[in-house]
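Spelled out from the first residue to the last, the chains are:
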Number of protein chains: 2
Amino acid sequence: MQELKKNRNTLQRRIVLETVQNMTNHPDADTVYEKISKEHPLVSKATVYRNLKILAKQGLILHIPMLDGADCFDFNCLPHYHIKCRKCGGVFDVDLPYQKDICSKINRKRGFIIESHQIVFSGVCPDCQ
Amino acid sequence: MQELKKNRNTLQRRIVLETVQNMTNHPDADTVYEKISKEHPLVSKATVYRNLKILAKQGLILHIPMLDGADCFDFNCLPHYHIKCRKCGGVFDVDLPYQKDICSKINRKRGFIIESHQIVFSGVCPDCQ
DNA sequence: AATTTAATTGCAAATAATTATCAATAGCAT
DNA sequence: ATGCTATTGATAATTATTTGCAATTAAATT
């Protein structure tokens, strides 16, 4: 059976969640840590990494594994796609509707159980042009 | 002006290219290195990494940055999508037609210059079910 | 409220994947 | 053959993240 472990509502976890929810620009773990450590130098980097992971598993934030470089996190938990600027490295939302049916197509064809998909675009943002 | 540098046809580069072309299962850089070092212990790991990058830039192999873990490489250079099994970690081709028009849609909307896109599915392969 | 318990923390060290450094080597054009 | 410079090997450095572990602390159980 699955060992279920219950989450605790620690000060550090609340700080991490609140910080991500106040950052609208898809920060990576280290950026979240930098932001936090200015106001709460007591919080360690490992704790930030651990809590980002836990919060993402709880569904309170969205974990976006990037195609290159550091993974980033998003306060917006609705599934959506992203574009990464190859010049500034910034990650932005893409207003392409979520392709709900794209998985089932392949599912039938190949015998895979498909659980999720990511689309990451690469290009240059307006500011960097 | 662009400094153009001419590639040399070294023994090591030939070995790396040939090895990737004989591996049909989307190996990552380290796996390519392991394979090579059995038959050619003289080739260093850095050289394998460097040549994989150069060969991908030359268009002789395809570089697939993965959403998690190590990037992998593909002898099949035609653009196509992949699925990664979350149990065995294997990467497989997906027979979804390449979405040529998906970029231009967003292009118009947002002012981005979109250069490429990746779709990576996640799930469980037939063998791991 | 006191006690038990197990999740969580901080710190440092470990890991994984890749890149940089740099002197030595070796393709290739002349 | 000579010279230029891309490339190599070995190792150190970097980047992003995870882990080990003793100490701490939130929450369940007396």
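We now turn to the structure provided with this report. (Residues numbered from 1 in each chain as written. Chains lettered and ligands numbered in written order. Predicted model: local features only at pLDDT ≥ 70, side-chain atom pairs only at ≥ 80, totals over all residues. Heavy atoms only, no water.)

1. Quick look at the relation of the copies chain A and chain B
Put simply, the rule reads: The copies are overlaid by a least-squares fit using only the C-alpha atoms of residues whose pLDDT is at least 70 in both copies. Pairs of residues are marked as contacts when any of their non-hydrogen atoms sit within 4.5 Å.
Structural alignment of chain A on chain B gives an RMSD of 0.1 Å, achieved by rotating through 179° and translating 0.0 Å along the axis. Expressed as an axis order, the relation between the two copies is that of a two-fold axis. Same-surface contact between copies: 100% of interface residues of chain A are shared with the interface of chain B.

2. Describing the nonpolar core
Applied cut-off: For this analysis, a nonpolar core means a set of buried residues of the types Ala, Val, Leu, Ile, Met, Phe, Trp, Tyr and Cys, connected via side-chain atoms within 4.5 Å. Each residue is assigned to one of three classes by its accessible area relative to the maximum for its type, calculated with a 1.4 Å probe on protein chains only: buried under 20%, partly exposed between the two thresholds, exposed over 50%. Secondary structure elements follow DSSP: runs of H or I no shorter than four residues count as helices, runs of E no shorter than two count as strands, and numbering proceeds from the N terminus.
Of all hydrophobic cores here, the largest spans 28 residues; its most connected members are V94, L96, I114 and F121 of chain A together with V94, I114 and F121 of chain B. Listed by contribution, the elements that provide at least two residues to this core are β3 (81-85), α4 (102-110) and β5 (113-124) of chain A together with β3 (81-85), α4 (102-110) and β5 (113-124) of chain B. Apart from residues no more than four positions distant in its own chain, F121 of chain A is found in contact with H82, I83, K84, V94 and L96 of chain A together with I102, C103, I106, I114, S116 and H117 of chain B. Listed in part, the 16 residues of the second largest apolar core include I15, V16, L17 and V20 of chain B.

3. Some details on the sheet that holds β3 of chain B
Heads up, the condition is: Strand pairing follows a simple DSSP-based rule, namely that at least 2 bridges must link the two strands. Think of each axis as a best-fit line through the C-alpha atoms, taken over the contacting stretch in the case of a helix, with angles from 0 to 180 degrees between the N-to-C directions.
The strand order β4(A)-β3(A)-β5(A)-β5(B)-β3(B)-β4(B) describes an open sheet built from six strands, whose pairing is mixed. Of all strands in the sheet, those bounded by a partner on one side alone are β4 (91-94) of chain A together with β4 (91-94) of chain B. Geometrically, the sheet is characterised by an average inter-axis angle of 30° between neighbouring strands, direction not taken into account. Here β3 of chain A runs beside β5 of chain A; their pairing, made up of four bridges, is parallel. Bridging from a neighbouring strand, I83 of chain A pairs with F121 of chain A of β5 of chain A.

4. Examining the packing of helix α1 (residues 11-21) of chain B against helix α2 (residues 29-39) of chain B
Residues and elements named next belong to chain B. Here is the rule: When an angle is under 35 degrees it counts as roughly parallel; over 145 it counts as roughly antiparallel; between 65 and 115 it counts as roughly perpendicular; any other value is oblique. If you view the pair so one helix is near and one far, a crossing is left-handed when the near helix is turned anticlockwise from the far one by less than a right angle, and right-handed when it is turned clockwise. Gly is placed with the polar residues, together with every amino acid not listed as nonpolar (Ala, Val, Leu, Ile, Met, Phe, Trp, Tyr, Cys and Pro) or charged (Asp, Glu, Lys and Arg).
Here α1 crosses α2 at 110°, and the two axes come no closer than 10 Å. Put simply, α1 runs roughly perpendicular to α2. In this structure, the crossing between α1 and α2 has a hand that is right-handed. The residues of α2 that touch α1, namely those facing I15, V16, T19 and V20, are V32, K35 and I36. For the contact of α1 with α2, a count of residues per class yields five nonpolar, one polar and one charged.

5. Notes on the interface of chain A and chain B
For clarity, the threshold we go by: Here the quantity called buried area is the total loss of accessible area, with a 1.4 Å probe, experienced by two parts when brought into contact, counted for both. When a carboxyl oxygen of Asp or Glu is within 4 Å of a side-chain nitrogen of Lys or Arg, the pair counts as a salt bridge. Counting of polar contacts relies on pairs of N or O atoms within 3.5 Å, with two restrictions inside protein: one atom must be capable of donating a hydrogen and the other of accepting it, and residues adjacent in sequence are counted only when both atoms are side-chain atoms.
Each partner contributes residues to the interface: chain A has 34 residues there, and chain B has 34 residues. For the chain A and chain B pair, buried surface summed over both sides reaches about 3,100 Å², with 61% attributable to carbon and sulfur atoms. Applying the counting criterion to the chain A and chain B interface returns two salt bridges. The shortest N-O distance in the salt bridge between E115 of chain B and R86 of chain A comes to 2.6 Å. The interface formed by chain A and chain B contains twelve residue pairs in polar contact (both at pLDDT 80 or more). Within the residue set of the side of chain A that touches chain B, elements represented by two or more residues are β4, α4 and β5 of chain A. For the side of chain A that touches chain B, the element with the most residues is β5 of chain A, which contributes twelve residues. When grouped by side-chain class, the residues that make up the side of chain A that touches chain B number 19 nonpolar, seven polar and eight charged. Relative to β5 of chain B, β5 of chain A runs antiparallel, the two being bridged by eleven bridges. Within the sheet, the bridge partner assigned to I119 of chain A lies in β5 of chain B and is I119 of chain B.

6. A look at the protein's contact with DNA strand D
Worth spelling out the cut-off: We call a residue near a molecule or strand when any one of its heavy atoms sits within 4 Å of it.
DNA strand D sits among 23 residues. The nearest are R8, T10, R13, T47 and R50 of chain B. Among all atoms of DNA strand D positioned within 4 Å of the protein, those belonging to sugar or phosphate total 67%. Separating a phosphate oxygen of DNA strand D from a backbone N or O atom of S44 of chain B is a distance of 3.3 Å. A distance of 3.3 Å is found between a phosphate oxygen of DNA strand D and a side-chain nitrogen or oxygen belonging to N51 of chain B. Put simply, the parts of the chain that give the surface near DNA strand D at least two residues each are α3 (45-58) of chain A together with α1 and α3 (45-58) of chain B. The greatest single-element share of the surface near DNA strand D, amounting to five residues, is contributed by α3 of chain A. When grouped by side-chain class, the residues that make up the surface near DNA strand D number six nonpolar, seven polar and ten charged.

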